[in-house]
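An overview of the molecular structure
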Amino acid sequence: MIDQELLGDFVVEANEHLANIENQFLAIEEMAPEVDVDLVNQVFRAIHSIKGAAGFMGLVKVNELGHNLENVLNMLRNRELTPDSAIVDVMLRAADRLKSMIGEIESSNDVDVSSHVAELTAIAEGHAGDATEGAPAPIELPEMPATAKAALAPAAELDDAAFCAAPVIEEATSVATAPSLTPAPVAKPEVPITSTAAKTSPAEVAAPAAANTDQSIRVSVGVLDSLMNLAGELVLSRNQLLQAISRDERSGLEAISARVDQVTSELQEAIMQTRMQQIGSVFGRFPRVVRDLSTKLAKNIDLVIEGKEVEVDKTIVEAIGDPLTHLVRNSVDHGVELPAERVAKGKPAKGTITLRAFYQAGKVRIDITDDGGGIDPQRLKDKAVSQGILSPERAAQMSDRDAVRLIFAPGLSTAKEVTDISGRGVGMDVVRTNITKLGGTVDVDSTIGVGTSIIVTLPLTLAIIPSLIVQVGVERFAIPQVSIVELVRIREGERTSRLGRVKDAEVLRLRGQLLPLIRLQESLRCQAADKVEPGATNIIVVDSGQTRFGIVVDALHDSEEIVVKPLGRHFKDCSCLAGATILGDGHIALILDIAGIAVKQELRGDHKEEENEDVNTGGVAEEELQTVLLFENAPHDHFALPMDVIARIERVRTDQLDSVGGREVLQYRNSTLTLLRLNNFITAKPTLELDWVYVVVFNVRGREVGLIAPTLQDIREVAMEVDTATFKQPGVIGSLVIDEHTTRLIDLFELAEVAHPEWYADDQPIAVEEDYLPPLILLAEDSGFFRNQVQKLFEMQGYRVEPCEDGLIAWEKLVSGEYDFDVLVTDIEMPNMNGFELCTRLKANTRWKDLPVIALTSLAAAADMQRGIDAGIDDYQIKMDKDKLLNSLRNFVDHKKKKAPPKRSRALTSGGVQ
Amino acid sequence: MTMVAEPKRTSTEVQQFATFYVGQLLLGVDINIVQEINRQLQVTPVPGAPAHVRGVINLRGEVATVIDLRTVLGMAPAEETRDTRNLIIHSQAETIGLYVDRISDILTISDDDISPAPSNVNGVDGRFILGVHTMDSDIVVLLDVEKVLAQQN
């Protein structure tokens, strides 16, 4: 018996050698008939080392296969052999087999490799013959099933030669004959598509091997050094702690605990770093998947991979492979059309699938984009209606974007016909479920004739997740923060007005929406707590990615970063749970799987929308809505703040508020938060003395500032019918009437400027060189209120603004040629031409395609961002966030200056901006 | 490095079994798979788990499943007493607790003294039984732990 440790090392090393071999082979194929000797050498050395080590360890079959592969590579290296698709195909299959043998190394000596060896020797010995055998094959097309014989009699060299030529023939065949060729691949034992379809793809043949042996991980020495340093610091802090405790000193404890806290966080980060892997290791399999599949389908497809270096946690890298494979296969099968079809549509015959990974807002986003035929929303609707998934009325109301999302509905298949590759009706919903399990989301966007994008977002890590700990009965549970939308507390007196029933389901009324409610204690059958205190109802509003609902819990505890521990095999059917964690007191808290709960309770996405419609028909006018936070500074003195600019809201005890140098501050998270009190800066009644107040935190000039909002009332979507005359003063935009109360709308940025003019002291209007006019902004915004606000803001900075109340008017101004605009700032929702359309038109025209476009939006429209990016929008900014909007504007105008210096004929280009 | 529950059957070999009581029944498991015996009985119930699973415990930072042997063997549930213990074993790379009423001795039994399981011993399903060892006063039912853990209900 071979030493187990040695064998383990061999497996790890061999897998490293083989990890990239597929793509190296494909690169060789691409370059054929040229030979990149360096590349071939690299592969040769990899195979050579495997062969050598295998021989030493008595792995005769691995050795034999390696040896034969090496022979062929050697001939390629010495230019005795010219690579072509047939040869690469044989080598690829041999490498696949080698991988699977190494995956199950113990039984590798029982594997029959004779067919591979025969193929390889055929190439090595009879490469001259190979060419002649292969050449007549295309003429004998109808006889292709004969290759089935080849598989049955693998030793027959002659048949094998024809066999390897098969893929070449497929590539060469016209579209019309392609379907008749399918028997050929079926006959090949290890090439993908057998009757069990997707299950036996080469990617998945390779996958188990990786999963079985990938038990060790490579860590850069730098990370290891920093870990060592941190461990040292931790030991030091521990010693300090022990000393302080033994001496019973309380004074130094706080400093030590802060130190331990910091070191622990850093340590955690460094350890997470060791688990990060490049997503390229998953992407690596796709060139082969696309090659094999497009060959089989007689399609011509280029795969473009971007963002290989994006790093995510190892667990995610491992789990994302299968869903991504499914999505890529789908794009090849359903997305990209056949070459003839493409040419007929005026597209290049070769289709492109782009796989792009990048970081976005603390998550990883992966886009799978094809330039194929796109998804027909009408066909999907019809299909969904005919399958009873959707009612005809709902279908009629559904937007195209939502209709395309029907591909994720369970049981719906988009393919016209069921093919081997995909379209068996178990597809996208499973992909969606799997991605949701990882804490990610998946979305789709498609334009008929242009292509389809699948957008996957994933968390960076799974092992440690910020969670809210809640109490249900006697037990505590953890809910991942990522699924939490907001917390709602219903006081006893409000219960009848806020909680209701629709049919037999309990619902929560929240800002004009009805959300389904789940009482965890009932649905999980938890033991009730001994004493149930009547009082407020705590509701956690969560979003499963498909649906939003409320969870009723008994009490809320802390928000903690929890370490996820897996549950044992006995709990595999507990779909409501995502794992367990150990709390600070040693008790176990189970982690709730929000998506699982939604599925178990049969909450569906459309449920929510139905109710939305009810509410909409209930009289909410089609006007520009803005979400605002309503509060009273003093009794009967009502104020509103735009939600979009609020970073977060804290509740603090008034005795925590300090007064330093006549200014109110809050010591908070190891830093000092400057506080503003409304009545100090604008005419307002003074605030009452309360024990607790709310502090609304926002960012201005790169610092956090808090506004004291003593009593919060509600968060509402209100129409921006603002009276900007009556109550206008610095810090107040104007007034609105909400619930029959005159409510003043606060401009936080102006307020900050009134309170701390020194922050703005360095501000200067944009500097304009003499002889140049300041930059000209084309502003398209249908709401008069916002148009005036934004125009004023820009003009105060020295820009020139050309306001328009619709996209169409903006377009006309642009086309008229009267103006030479430097940047377009546009709203999205406008009556005659919306921002997307305006931008698409703009970018399609060579005259303006370099004109930067900044879109104005409110948070509610964040979901449309992708659409905007596709339309060519350069940046999204929130309407009410003045600082960021101005920064963005500066960036683009500045940027432009670099690209087109003002010396050129364009007299209106911006001058210097510092 | 998973432990194999099935003892090797060569003629003269002896094996050790950790024995314990569930109800009136004396049961034994191969001592090689036993990690420890503790009094950690604070079990967190898991909603939606099979009936024979009591829940999970915190075993020095690991989350271990706890199986209620009474339910598996078809006995009525019992109150926790001073003698109740958690017998921690290894199975398929997992740590699992068996909730037992009382711990008894460790027995060294020669293979010759193990008789094959009849279809049913004192109400215990023959599927779960590896063999039976008869002592002067009592009989010990040797459990096939993997079968017990694979129980579905």
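These numbers were taken from a predicted model, which means no experiment stands behind them.

Some details on the overall build of chain B
Per the secondary structure count, chain B includes two helices and 13 strands. Among the 153 residues that make up chain B, the fraction classed as buried is 50%. Total accessible area on chain B is roughly 7700 Å²; 47% of this is exposed by carbon and sulfur atoms.

Some details on the packing of helix α16 (residues 314-335) of chain A against helix α21 (residues 428-437) of chain A
All names here are of chain A. Where α16 meets α21, the closest approach of the two axes is 10 Å, and the angle between their N-to-C directions is 150 degrees. Classified by the angle their axes make, α16 and α21 are roughly antiparallel. Crossing of α16 against α21: the hand is left-handed. Contacts between α16 and α21 involve I320, P323, H326, L327 and N330 on the former and, on the latter, M428, V431, N434 and I435. Grouping the amino acids of the contact of α16 with α21 by side-chain chemistry returns six nonpolar, three polar and no charged.

Section: the sheet that holds strand β15 (residues 548-553) of chain A
All names here are of chain A. If you trace the six strands from one edge of the open sheet to the other, you get β10-β14-β15-β13-β12-β11, paired in mixed fashion. One side of each edge strand has no neighbouring strand; the edge strands of this open sheet are β10 (484-490) and β11 (499-502). Taking the axes of each pair of neighbouring strands and ignoring which way they run, one obtains an average angle of 40 degrees across the sheet. Examined bridge by bridge, strand β12 (residues 505-510) and strand β13 (residues 513-519) share four bridges and lie antiparallel to one another.

Describing the sheet that holds strand β17 (residues 577-582) of chain A
Residue and element names in this part refer to chain A. As summarised here, the arrangement of the five strands in space is β16-β8-β9-β18-β17, forming an open sheet in which the pairing is mixed. If you trace the sheet from one side to the other, it starts and ends with β16 (555-563) and β17, each paired once. When the angles between neighbouring strand axes are averaged without regard to direction, this sheet yields 35 degrees.

Points about helix α1 (residues 4-19) of chain A
Residues and elements named next belong to chain A. For α1, spanning 16 residues, the distance from its first C-alpha to its last is 22 Å, which sits close to the expected 22 Å at 1.5 Å a residue. Considered for burial, the residues of α1 that qualify are L7, F10, V11, A14, N15 and L18. On an axial view of α1, the arc spanned by its buried residues comes to 130 degrees, and they lie on one face. In α1, those exposed residues whose orientation departs by more than 90 degrees from the buried face are E5 and A19.

About the thresholds
Residues numbered from 1 in each chain as written. Chains lettered and ligands numbered in written order. Predicted model: local features only at pLDDT ≥ 70, side-chain atom pairs only at ≥ 80, totals over all residues. Heavy atoms only, no water. Helix = DSSP H or I, 4+ residues; strand = E, 2+ residues; numbered from the N terminus. Buried < 20%, exposed > 50% of the residue type's maximum accessible area, 1.4 Å probe, protein only. Areas by Shrake-Rupley, 256 points an atom, 1.4 Å probe, with all protein chains shown as cover. Axes fitted to C-alpha atoms, helices over the stretch in contact; angles between N-to-C directions. Parallel < 35°, antiparallel > 145°, perpendicular 65-115°, else oblique. Left-handed = near helix turned anticlockwise from the far one by under 90°. Contact = heavy atoms within 4.5 Å. Nonpolar A, V, L, I, M, F, W, Y, C, P; charged D, E, K, R; others polar. Pairing = 2+ DSSP bridges. Expected span 1.5 Å × (residues − 1). Arc of directions from axis to C-beta.

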